[in-house]
Structure formats: C-alpha cells, structure tokens
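Overview (structure and organization)
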Amino acid sequence: MPGLLTHLITSVVGFLILYLISYNWKYGLVWVIGTLIPDIIKFGIPAIRLKTSSFSTMMTDPIYWQLNSFTHSFTFWLLISLLALGITFMFYREERMSWKTFKRWMIINLT
C-alpha cells in the first residue's frame, strides 16, 4: 500500500508540473499512466484473477509476487521506455505528429 500511495502522490505532482509547463493536460495524463503502470499490473491482474479487491488476499497469491519482481526490474522499465519511444517515432514517421510535438514527446519519454 505505501508504494501505491507514493505513486499516486508522484502522479499528481508530475501531472501538475507538466500541465504548468506545457498547458496541455495530455502530457500530464501520460505521466500519470506511466507512474501507475506497475501498480496496475501488480494489483490489477491478481484482483481480476482472484475476483477480490482485498490487498491481503492478493498478496498471498503467488502471481502477485511474480508480477512484483517483474515490475521492479530494470528490464521492465527498459521495455516500457522502448515501447513509448517506438510509438512516438512511428507517429512522427507516419506524419501524424509535427516536429515540434515529436521533440516534446521525446523529451518527456527520455525523462
């Protein structure tokens, strides 16, 4: 639970900072989603599998501990980052994104 609260606080602060810098709520939303991905994976999959929202019940399930070790690894964050960079590059290459927007997204993805 403390990890989830930390991610929620970080999400709100990051959203506000990005919104104040760019005046676009979409950049803040991307930050929120990226920050909450580990918790969504770690708690969402066991909750669906066990059909419960009880943290103590989910933490006794072996799949929770497998997902916990996966979402706390360098490989997970590297894969998420490469996926975001790849999608950004694909949108720019397909001319669905301007150079200015592409630069902004690259800075956000790399930070």
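Our structure is the block above this text.
Counting across every chain of the model gives six aromatic pairs. Their ring planes at 5° and their centres at 6.3 Å tell us that Phe15 and Tyr19 sit as a pair that is stacked. Of this pair, Phe15 and Tyr19 both sit in helix H1 (residues 2-22), four residues apart, which is roughly one turn of the helix. Owing to a relative accessible area of 27%, Phe15 belongs among the partly exposed residues under this scheme. Considering the side-chain rings of Trp99 and Phe102, the 5.6 Å spacing of their centres and the 35° angle between planes classify their relative orientation as tilted. Taken together, the positions of Trp99 and Phe102, both in helix H6 (residues 99-110) and three residues apart, correspond to about one turn of that helix. Taking relative accessible area as the criterion, Trp99 reaches 48% and is therefore assigned partly exposed. With a relative accessible area of 8%, Phe102 lands in the buried category. Ring pairs connect the aromatic residues Phe43, Tyr64 and Trp65, which therefore count as one cluster.

The rules behind the values
Residue indices begin from 1 for each chain and proceed along its sequence in written order. Where totals are concerned, whole chains, interfaces and linings use all residues; where local detail is concerned, this predicted model gives features only for residues with pLDDT of at least 70, and gives and counts side-chain atom pairs only at 80 or more. For side-chain calculations, the full set of non-hydrogen atoms in the structure is used, while hydrogens and water are omitted. Each Phe, Tyr or Trp ring (for Trp, its six-membered ring) is paired with any other whose centre lies within 6.5 Å, and the angle between the two planes then decides the class: stacked below 30 degrees, edge-to-face above 60, tilted in between. A run of DSSP states H or I qualifies as a helix once it reaches four residues; a run of E qualifies as a strand once it reaches two. Both are numbered from the N-terminal end. Buried, partly exposed and exposed residues are distinguished by accessible area as a fraction of the type maximum, computed with a 1.4 Å probe on protein chains only: under 20%, between the cut-offs, and over 50%, respectively.

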